[in-house]
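Analysis of the macromolecular model
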Amino acid sequence: MLNPQPLNGTLGARIDGLDFRRQGADAVAAVKDALPQFKVLVAPDQGDMAPDDLLAFAEEFGQAERAQHPIWDDVTGHVGVKRIVGRDYATGIDVGDSWHTDGPPREKTQWFTFLQAIEVPPFGRDTLFADMVGAYERLSPPLKEFLAGLTALNSWGASKPEAEPVVHPVVMEDPDSGIKSLYVNQLYTTRICELRQDESDVLLAFLFRQTTVPELPLRVSWQPGTLVIWDNEKTQHYVVRDKPYDRVMHRVMVNTGR
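Residues numbered from 1 in each chain as written. Predicted model: local features only at pLDDT ≥ 70, side-chain atom pairs only at ≥ 80, totals over all residues. Heavy atoms only, no water.

**Observations concerning the overall build of the protein chain**
Each helix and strand in the protein chain was counted, giving five helices and 17 strands. Taken along its principal axes, the extent of the C-alpha atoms in the protein chain is 50 × 40 × 35 Å. The proportion of buried residues among the 258 residues of the protein chain is 55%. In the protein chain, the proportion of contacts linking residues at least 24 apart, taken out of those at least 6 apart, comes to 80%. Taken as a whole, the protein chain presents about 11800 Å² of accessible surface, with 50% of it coming from carbon and sulfur. In the protein chain, 26 positive and 37 negative side-chain charges are present, and the distance between their average locations comes to 2 Å. (Helix = DSSP H or I, 4+ residues; strand = E, 2+ residues; numbered from the N terminus. Buried < 20%, exposed > 50% of the residue type's maximum accessible area, 1.4 Å probe, protein only. Contact = heavy atoms within 4.5 Å. Areas by Shrake-Rupley, 256 points an atom, 1.4 Å probe, with all protein chains shown as cover. Lys, Arg positive; Asp, Glu negative; His and termini not counted. Charge placed at Lys NZ, Arg CZ, Asp CG, Glu CD.)

**Considering the confidence of the model for the protein chain**
Detail in the predicted coordinates should be disregarded across regions flagged by low pLDDT. Averaged over every residue, the pLDDT of the protein chain is 91; the share at 70 or more is 95%. In the model, residues 88–93 has pLDDT below 50 throughout and makes 10 contacts with residues more than four positions away in sequence or in other chains. (pLDDT = per-residue confidence, 0-100.)

**Regarding the sheet that holds strand E14 (residues 217–220)**
Across the sheet, which stays open at both edges, the three strands sit in the order E14-E8-E16 with antiparallel pairing between neighbours. Two strands lie at the open edges of the sheet, namely E14 and strand E16 (235–239), each paired on one side alone. Going from strand to strand, the sheet's axes swing by 25 degrees on average, the running direction of each strand aside. In this structure, strand E8 (residues 127–131) lies alongside E14, joined through four bridges in antiparallel fashion. Counterpart to Leu 128 in the pairing with E14 is Arg 219. (Pairing = 2+ DSSP bridges. Axes fitted to C-alpha atoms, helices over the stretch in contact; angles between N-to-C directions.)

**Examining the side chain of Arg 106**
Relative to the helices and strands, Arg 106 resides in the loop between strand E6 (78–85) and strand E7 (111–119). Accessibility expressed as a relative area gives 7% for Arg 106, which makes it buried. Leave out the neighbours within four places in its chain, and Arg 106 touches Glu 65, His 69, Trp 111, Trp 156, Val 166, His 168, Arg 251 and Met 253.

**A short note on the packing of aromatic side chains**
One pass over the full model with this rule turns up seven aromatic pairs. An aromatic cluster of three or more residues is present, and its members are Phe 20, Phe 57, Phe 61 and Phe 114. Cation over ring: Arg 106 sits above Trp 111, and NZ or CZ is 5.7 Å from the ring centre. Above the plane of the ring of Tyr 136 lies Lys 144, whose end atom (NZ or CZ) is 5.1 Å from the centre. (Phe/Tyr/Trp six-rings, centres within 6.5 Å; stacked < 30°, edge-to-face > 60°. Lys NZ or Arg CZ within 6 Å of the ring centre and 35° of its normal.)

Okay, structure coming up:
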C-alpha cells in the first residue's frame, strides 16, 4: 500500500518501502491513483530494477515508445529503454538546459516518463520540476479567456530537422478530470499559431517564465536507484548542471493512447 509523502505544497510526493519488481496490481493501481494528484512521484531504492523490469513496470501505464530517438540510444538489447547521459550533444543543443516537457514534439500528448538513476554524483546534478497546472491557475481570468482555443507549433528543431512540426493546444485540458495546464515550453514551442510572430514572442516569453515562479518548482536530488515518474502534460523539468559529471539514467516513456 502506498503512503505518498508530499514533497512541497504544489506537486511531488515520495514513495518509500516498495520494490516495483515485486509489487502486483495493487501497487500499480496505487501509483495510477497518486500520479494525477502529485504529478511527480519519487521512489528511492529501485536500483535492483533491470532494464526489462523498468520497461515491464512502465508498460503497466501505457505503450512504451520504441522509436529511434534523435539523441538517445537504447540500452543495448533493450529496445524502449533509453540511456540518458549528461554530456554535450553533437547537435550543439543541451536539452537539459531549457525548461521543457517531453511530449510536445510528438503527435500524442499524454506521456508518462519513468527515469531511473544509474550513475549519479554524490551531490548536485538535481532535476527541477514545475507544476504547469499551478502555472495555469495563477493566471488572471482575462488571460485564461484569451488563451482558450489558441494553439502552438512545436518542433524538434535542430535535433531532428526532418520531423514535421506538430500543433497542440496552448492550454491542455485533461478529458477525465477537466484539469487545465499550460502546454508551451522553451525548448520545443516555436510560436502561437493564431498570432503574429512578434505577438507570439511576447506572450510565449511571459508563459515560459511561469516555470520559475518560486511556488511552482520541486527539486529532486538523485541517488543511485532513484526512480522518478512524472506526467508530461502537467509538468516541465530542467536539469541543473552545477557539477561536471556524466550522469547516466535509464528512461522509458509510455503513452496512454491520447
